[in-house]
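# Notes for the structure review
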Amino acid sequence: MKTIDCSSWEEFEKQVLAISKEYEDKKKKEKQIYISKLLFRGQESADWKLETTLERYGQPVIKMVDYYSVLEMIIPADNSSIEKAWGLPEYNCVEERSQKPPPGYEFMVYLRHHGFPSPLLDWTRSPYVAAFFALRNKRLLQTEKVAIYSYIEWCGKGKSIRGDQAFLVGLGPYITTHRR
């Protein structure tokens, strides 16, 4: 992973323009291959790993079937306190490393955006939304560095996934959930 340090907002904007130009040039040059959208993620500390909220709350890697069991336990309580009644499809032992959204994906997104630990990691197409999340709790003159990641999921004819390594799977961008 390449690290680019920026000490001002102007430097950040120059880097965003450079990354965007490099992306557009690659798309023009490589017309025969699919290149997915450029995605960004902002984090309040450059020392943090790219981790889901489940991982940040100290949970070891959890199997999807076990997480789904937790969703089944909390859905009645959630449905009793909101206007929308969520339903969960039956879990059919979907492959853990599937390229498709897991069963109950919309409910997982809803819970994630309301602070419930999740195996989901939010990304955005906007570097400025990523910057907002990286900087939203920072005080002026604070010296700790923030992190804003850029990522292209597909840049060729396929995607290589090793069985023993973490990987990202784009599942969006459109999903019906709470406006939040």
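Presented here is a report on the structure given in the accompanying data block. (Residues numbered from 1 in each chain as written. Predicted model: local features only at pLDDT ≥ 70, side-chain atom pairs only at ≥ 80, totals over all residues. Heavy atoms only, no water.)

## A word on helix H5 (residues 127-135)
- Of the residues making up H5, those classed as buried are Pro127, Ala130, Ala131 and Ala134. Seen along its axis, H5 keeps its buried residues to an arc of 100°; they face one direction.
- Contacts made by the buried residues of H5 are with helix H1 (9-29), strand E2 (38-43) and strand E3 (147-152).
- Measuring from the backbone nitrogen of Tyr128 back to the side-chain oxygen at the start of H5 gives 3.1 Å, which picks out Ser126 as the cap. (Buried < 20%, exposed > 50% of the residue type's maximum accessible area, 1.4 Å probe, protein only. Helix = DSSP H or I, 4+ residues; strand = E, 2+ residues; numbered from the N terminus. Arc of directions from axis to C-beta. Contact = heavy atoms within 4.5 Å. Polar contact = N/O pair within 3.5 Å; in protein donor to acceptor, adjacent residues only side chain to side chain.)

## As for the nonpolar core
- Core analysis: the biggest nonpolar cluster contains 14 residues, and Tyr67, Leu71, Phe107 and Met108 have the highest contact counts within it.
- Considering each element in turn, this core owes the most residues, 6 residues, to helix H4 (residues 105-112).
- Excluding anything up to four places from it in sequence, Tyr67 contacts Leu54, Ile62, Met108, Phe116, Pro117, Ser118 and Pro119.
- Counting 5 residues, the second largest nonpolar core, distinct from the first, contains Tyr23, Leu38, Phe40 and Ala130. (Core = buried A, V, L, I, M, F, W, Y, C linked by side-chain atoms within 4.5 Å.)

## Topic: the pattern of salt bridges
- Across all of its chains, the model carries 3 salt bridges by this definition.
- For Lys21, the salt bridge is made with Asp25, and the minimal N-O distance between the two is 2.9 Å. With a gap of 4 residues between them, Lys21 and Asp25 both fall in helix H1, about one helical turn apart.
- The class for Asp25 is partly exposed, based on a relative accessible area of 36%.
- With a closest N to O distance of 3.7 Å, Arg136 and Glu44 form a salt bridge. Note that Arg136 is positioned in the loop between H5 and E3 and Glu44 in the loop between E2 and helix H2 (53-56), a separation of 92 residues in sequence. (Salt bridge = Lys/Arg side-chain N within 4 Å of Asp/Glu carboxyl O.)

## Re the environment of Leu39
- Tracing the chain through its elements places Leu39 in strand E2.
- Spatially, the C-alpha atom of Leu39 lies 7.2 Å from that of Ser126, the residues being 87 residues apart in sequence.
- Sequence-distant contacts of Leu39, that is, excluding residues within four places in its chain, are made with Trp123, Thr124, Arg125, Tyr149, Ser150 and Tyr151.

By themselves these figures say nothing about function.
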